[in-house]
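Structural overview for review
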Amino acid sequence: MRIEDPLIVGAGPAGCAAAIRLGQAGAAPLLLDRDEEVGDPLCGGFLSWRTAEQLASLGLSPAALGAHRVTRLRLFDGPREAALDLPHAAWGLSRHALDTAMRARALASGAKLEFDAVRAVDGLAVEGRAASYRPQSLFLATGKHDVRGETRPREAKDTALGLRLRLPPTPERLRLLGGAIELHLFPGGYVGIVLQEGGSANLCLAMRKSALAKAGGSPEALFARLAQANPALAARLGDDWRQVRCDTIGAVPYGFIARDTSPGLFRLGDQAAVIPSLAGEGISIALASGAMAAEHWTHGGPAAAPAYQRAFASSARLPVTLASAAWHAAETRLGARAALALARIAPSLVAGFADRARIAAPSLAPR
Ligand SMILES: Cc1cc2nc3c(=O)[nH]c(=O)nc-3n(C[C@H](O)[C@H](O)[C@H](O)COP(=O)(O)OP(=O)(O)OC[C@H]3O[C@@H](n4cnc5c(N)ncnc54)[C@H](O)[C@@H]3O)c2cc1C
């Protein structure tokens, strides 16, 4: 049994943000991740202006990591299109680049990083594949993956799922996608596309399970069908998408917010709140929760966990509610039409909505 304190499980954006802040506050947290190699987790790779702000406060810059600068939002509903300026500049960056930089920053801030897959959590007892841990404070940051003993509730039927294609750089994609984030809406879901470092395109799709079944049940059949109905999407997919691996994730609990916890257990990132990915704000939520949890721990120790969880739930409520409303509207044909019409008639209203669906950066004591 290892007594490590504080223990952070999951070295994604949430866990790393907590590790950086805790390290800066003089603690020496142990950051545990199941993967020694930083992969490229399934994510749209869109970093909002709020995400960029929070990264800057952790000493990281998307521009310095080679991220693609994004200033326009283009919405598509089949052949119909509307475009508007984003309220502030955003970025496209792969999770491989982001997570690599965040882990390095956590180590530089005094955190230790080790590798073990956690199999179960029982109160504050953590059972890993290689060892057991008994911290006084546990920061649970396993993101999209639940750990036995601390699972999040799921919608009973027609859950949301995510697919992702990483498309290689081509001059045509650079011409079509440069400087913009695109959302292609279709009944039951949407496709988001953004360029990232090196010019590759991240094409990420979130949809209802039933919509995938309707489209033939396989990602290949779905993309072929979407390309047929949407010439703009077909142009972006090009003719090389069939050679690219399609990553998938199932049962994403969009809208979940952890409203309470027990002393010592701090839930972070997707384990604290899951904002519909249409908003492109999940990484920001992860960073904000990591920083806020570390701040509460620094001032109140393990006993501060319930106060942190309630405060974080309260700050996540508005962005999650707005993003959920947008996701539910956009997945219907009528809602998609209305979104495009609004973007054409009142772009500043849509830009204002996009700005409000962001989490407020937590106010932290200066370091
Ligand atoms: C389809 C889709 C598209 C998205 N697009 C965007 C976007 O464009 N922009 C945006 O801001 N957000 C987006 N998101 C949301 C974003 O990906 C998440 O909100 C974000 O990754 C949450 O960060 P996290 O640190 O909580 O978890 P994660 O990024 O999931 O990281 C969790 C870490 O924990 C580790 N881990 C997991 N289980 C264990 C275990 N048992 N033991 C040890 N380690 C473990 C993993 O290896 C990983 O390193 C999207 C989500 C989906 C589903």
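Residues numbered from 1 in each chain as written. Predicted model: local features only at pLDDT ≥ 70, side-chain atom pairs only at ≥ 80, totals over all residues. Heavy atoms only, no water.

The name recorded for the chain in an unreviewed UniProt entry is FAD-binding domain-containing protein, from Aurantiacibacter luteus.

Okay, empty space enclosed by the protein next. Applying the stated criterion across every chain yields a total of one cavity of 30 Å³ or more. By volume, the largest cavity is sized at about 40 Å³. Along the walls of the largest cavity sit K144, R152, I249, G250, A251, V252, P253, D270 and V274, which together make up its complete lining. In terms of residue class, the lining of the largest cavity is built from five nonpolar, one polar and three charged. (1 Å grid on protein atoms, 1.4 Å probe; cavity = no way out; pocket = protein on both sides within 12 Å on 5 of 7 lines; lining within 4 Å. Points joined across faces, edges and corners; volume = space filled by probe spheres on them. Nonpolar A, V, L, I, M, F, W, Y, C, P; charged D, E, K, R; others polar.)

Taken as a whole, this structure holds zero disulfides when the rule is applied. Counting only cysteine sulfurs, C43 is the nearest neighbor of C204, a cysteine outside any disulfide, at a range of 6.7 Å. Summary of cysteine pairing: C246 is not part of a disulfide, and the nearest cysteine sulfur, belonging to C204, is at 9.3 Å. (Disulfide = S-S within 2.5 Å.)

It is worth spelling out the packing of aromatic side chains at this point. Enumeration over the complete set of coordinates arrives at six aromatic pairs. Their ring planes at 85 degrees and their centres at 6.4 Å tell us that Y190 and W327 sit as a pair that is edge-to-face. Here Y190, found in strand β13 (residues 189-195), pairs with W327, found in helix α9 (residues 305-330); they are 137 residues apart in sequence, far enough to count as distant. Among the residues examined, Y190 registers a relative accessible area of 6% and is labelled buried. For the ring pair Y308 and F312, a centre distance of 6.1 Å and an interplane angle of 25 degrees mean the geometry is stacked. (Phe/Tyr/Trp six-rings, centres within 6.5 Å; stacked < 30°, edge-to-face > 60°. Helix = DSSP H or I, 4+ residues; strand = E, 2+ residues; numbered from the N terminus. Buried < 20%, exposed > 50% of the residue type's maximum accessible area, 1.4 Å probe, protein only.)

This part covers the site of the ligand. In the vicinity of the ligand there are 34 residues, among which D33, G44, F46, R95 and D270 approach most closely. Taking P13, its main chain carries an N or O atom lying 3.3 Å from an oxygen atom of the ligand. Measuring from a nitrogen atom of the ligand, one finds a backbone N or O atom of G44 at 2.7 Å. The protein chains hide 95% of the 1,000 Å² of surface that the ligand would expose on its own. Elements supplying a minimum of two residues to the shell around the ligand: α1 (13-24) and α8 (282-300). Considering every element that reaches the shell around the ligand, the biggest residue donor is α8, with three residues. Looking at side-chain class alone, the shell around the ligand contains 14 nonpolar, 12 polar and eight charged residues. (Near = heavy atom within 4 Å. Polar contact = N/O pair within 3.5 Å; in protein donor to acceptor, adjacent residues only side chain to side chain. Areas by Shrake-Rupley, 256 points an atom, 1.4 Å probe, with all protein chains shown as cover.)

Moving on, we get to the environment of L55. As for its position among the elements, L55 is in helix α2 (residues 49-57). Taking C-alpha positions, L55 is 22 Å from E37, a pair spaced 18 residues apart along the chain. L55 has contacts with L47, L60, P62, L98, M102 and L287, leaving out every residue within four places of it along the chain. (Contact = heavy atoms within 4.5 Å.)

One number sums up the size of the second largest pocket: a volume of about 390 Å³. Lining the second largest pocket are 20 residues, and of these F186, P187, L226, A229 and R333 sit closest to its centre. Elements with a minimum of two residues in the lining of the second largest pocket: β12 (180-186), α5 (209-214) and α6 (219-229). Element by element, the count of residues in the lining of the second largest pocket is highest for α6, at four residues. Grouping the amino acids of the lining of the second largest pocket by side-chain chemistry returns 11 nonpolar, four polar and five charged.

Attention shifts here to the packing of α2 against α8. One can describe the packing of α2 onto α8 by two numbers: an axis separation of 8 Å at closest approach and a directional angle of 35 degrees. Judged by the twist between their axes, the crossing of α2 over α8 is left-handed. Contacts from R50, T51, Q54 and L55 in α2 reach I283, S284, L287 and A288 in α8. (Axes fitted to C-alpha atoms, helices over the stretch in contact; angles between N-to-C directions. Left-handed = near helix turned anticlockwise from the far one by under 90°.)

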